[in-house]
Amino acid sequence: MEVDRSTLEFRKKQAISTIVANKELYPERKVFVVELNGSAESAVNAALCVEAIGKENVVGVLMPNVTAGLAGYKARELADILGIKLYEIPVTTAVAGISVELSCVLNGGVSPNVELNLPDQVRQITIRSFAESLGGVVINSKFYRNPDVWIGCDRDPIEMGKYLNIHEYLLT
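No experiment lies behind these values; they were computed from the predicted model shown. Just so you know, the residues in each chain are numbered from 1, in the order the chain's sequence is written. Local features in this predicted model are restricted to residues whose pLDDT is 70 or higher, and side-chain atom pairs enter the listing and the counts only when it is 80 or higher, whereas totals over whole chains, interfaces and linings include all residues. Calculation of side-chain values draws on the structure's entire complement of heavy atoms; hydrogens and water are dropped beforehand.

A.B. asks: If you had to explain the packing of aromatic side chains to someone new, which residues and values would you point to?
C.D. replies: Only Phe, Tyr and Trp rings take part, Trp by its six-membered ring, and two of them pair if their centres are within 6.5 Å. Stacked means planes under 30 degrees apart, edge-to-face means over 60, and tilted covers everything else. Tallying each qualifying case throughout the model produces 1 aromatic pair. Whether a charge lies above a ring is judged from NZ of Lys or CZ of Arg, which has to be within 6 Å of the ring centre and within 35 degrees of the ring normal. Between arginine 29 and the ring centre of tyrosine 26, over which it is positioned, the NZ or CZ distance is 4.3 Å.

Structure (structure tokens):
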């Protein structure tokens, strides 16, 4: 479903206003950190941050579990287009270690839900720790991921990405 341009412009202005306000409110935060995972949401988050506060104030983080694959290619391509630095922090070892420890404590395997959710939970800890190490702040459009700054652009991310002139292949 296509979203009209005035709605997209309104959402863009809201997000940019939130980013700028947080940059002004916390000037000691040196960088805004965005997870680049190949999704439309992450592409939109990064593009909005670059537009709002400049590419020198934004870094991307790719956190593959096992292999980065297509998501890694998209993350690298997007970082190049936006002119931001991209850090790659594999989470494979951490996920495997926690899974093994849980299996030992539970005398067997972990539940399918744990197997499904553990990589994302490790990514949350990793990106927050990384951002804090840089004196930065985590940006996300999904509030449940506990970002430092929530920009609320998780509705219609593909349409927003097209509106921001992000290449369509980076949005799907």
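A.B. asks: How would you sum up unusual backbone geometry? Please name residues and give values.
C.D. replies: Its identity is not glycine, yet asparagine 165 carries a phi of approximately 65°, on the positive side. Among the structural elements, asparagine 165 can be located in the segment after α6 (157–163). The buried label applies to any residue whose accessible area, calculated with a 1.4 Å probe on protein chains only, is under 20% of its type's maximum; exposed applies above 50%, and partly exposed to all values in between. The class of asparagine 165 is exposed, set by a relative accessible area of 69%. By definition, any uninterrupted DSSP run of H or I lasting at least four residues is a helix, any uninterrupted run of E lasting at least two residues is a strand, and each is numbered from the N terminus.

A.B. asks: Before we move on, could you go through the side chain of lysine 23 and cite the residues and values that matter?
C.D. replies: Residue position: lysine 23 is located in helix α1 (residues 5–25). Buried charge lysine 23 goes without a salt bridge, the closest partner of opposite sign being glutamate 56 at 8.2 Å. Each polar contact in these results corresponds to two N or O atoms within 3.5 Å; when the atoms are within protein, one needs to be able to donate a hydrogen and the other to accept it, and residues that are neighboring in sequence are counted only if both atoms are side-chain atoms. A polar contact is formed between the side chain of lysine 23 and the backbone oxygen of arginine 29, at a distance of 3.0 Å. Residues in contact with lysine 23, not counting those within four places in the same chain, are Arg29, Lys30, Phe32, Ile53 and Asn57. Lys and Arg are tallied as positive, Asp and Glu as negative. Neither His nor the chain termini are counted. We count a salt bridge whenever a side-chain nitrogen from Lys or Arg sits within 4 Å of a carboxyl oxygen from Asp or Glu. Any two residues whose heavy atoms approach within 4.5 Å at even a single point are treated as in contact.

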